[in-house]
Amino acid sequence: MSSRTRAKKKFWRSVLQLSLIYAIIIPIVFYLLDKETFLKLAKRDTALFVLEIAGAAVGLALIISFWSRRDPELRNW
């Protein structure tokens, strides 16, 4: 396996791990900051609400993964 393939797998693995972490953290923080809006959005259209939270988690994970991949100091973390 080439180093490029290994690097891609490592990158996407980190994106997946961060997405799962953020998919848990984002709703908790949103609930703690604004319970009324959280419950209203969750009751109105649950599927859309879950997709929005998942999209935010994946987007945040991609941004952080790309940023940490480009910055040599953050690679150490």
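Let me sum up the structure you'll find in this document.

What counts as what
Residues numbered from 1 in each chain as written. Predicted model: local features only at pLDDT ≥ 70, side-chain atom pairs only at ≥ 80, totals over all residues. Heavy atoms only, no water. Helix = DSSP H or I, 4+ residues; strand = E, 2+ residues; numbered from the N terminus. Contact = heavy atoms within 4.5 Å. Axes fitted to C-alpha atoms, helices over the stretch in contact; angles between N-to-C directions. Parallel < 35°, antiparallel > 145°, perpendicular 65-115°, else oblique. Nonpolar A, V, L, I, M, F, W, Y, C, P; charged D, E, K, R; others polar. Expected span 1.5 Å × (residues − 1). Phe/Tyr/Trp six-rings, centres within 6.5 Å; stacked < 30°, edge-to-face > 60°. Patch = residues over 30% accessible without salt bridge, like charges linked within 9 Å, V, L, I, M, F, W, Y side chains within 5 Å. Areas by Shrake-Rupley, 256 points an atom, 1.4 Å probe, with all protein chains shown as cover. Salt bridge = Lys/Arg side-chain N within 4 Å of Asp/Glu carboxyl O. Buried < 20%, exposed > 50% of the residue type's maximum accessible area, 1.4 Å probe, protein only.

Concerning the side chain of Ser 19
Within the element layout of this structure, Ser 19 appears in helix H1 (residues 3–33). Once residues lying within four places of it in the same chain are set aside, the contact partners of Ser 19 are Ala 57, Val 58 and Ala 61.

Thoughts on the packing of H1 against helix H2 (residues 35–44)
Between two packed helices, what matters for the description is the angle formed by their axes and the separation of those axes. With their axes 5 Å apart at the nearest point, H1 and H2 run at an angle of 125° to one another. Regarding the angle of H1 to H2, the classification is oblique. Side by side, H1 and H2 meet where Pro 27, Phe 30, Tyr 31 and Leu 33 of the first sit next to Lys 35, Thr 37, Phe 38, Leu 39 and Leu 41 of the second. Class assignment of the residues belonging to the contact of H1 with H2 gives a composition of 7 nonpolar, 1 polar and 1 charged.

A few points about H1
An ideal rise of 1.5 Å per residue puts 45 Å on 31 residues; H1 measures up with 43 Å between its terminal C-alpha atoms. Residues of H1 that are buried in the fold lie against H2 and helix H3 (46–70).

Things to note about the packing of aromatic side chains
In this description, a pair of aromatic rings is defined by centroid distance and the angle of the planes. Across all of its chains, the model carries 6 aromatic pairs by this definition. For the pair Phe 30 and Phe 49, a centre-to-centre distance of 6.2 Å together with 35° between the ring planes defines the contact as tilted. Placement of Phe 30 in helix H1 and of Phe 49 in helix H3 is noted, with a sequence separation of 19 residues between them. Ring centres of Phe 38 and Phe 49 lie 5.1 Å apart, and the angle between their planes is 85°; on these two criteria the pair is classed as edge-to-face. A residue pair is termed long-range when its members are at least 10 positions apart, and Phe 38 in helix H2 and Phe 49 in helix H3 qualify at 11 residues.

A word on a nonpolar patch on the surface
On the surface, Ile 21, Ile 24, Ile 25, Ile 28, Val 29, Tyr 31, Leu 32, Leu 33 and Leu 39 cluster together into a nonpolar patch covering about 860 Å² of accessible area. Per element, the largest residue contribution to the nonpolar patch is 8 residues, and it comes from H1. Relative to the helices and strands, Ile 25 resides in helix H1. When its relative accessible area of 39% is taken as the criterion, Ile 25 is described as partly exposed.

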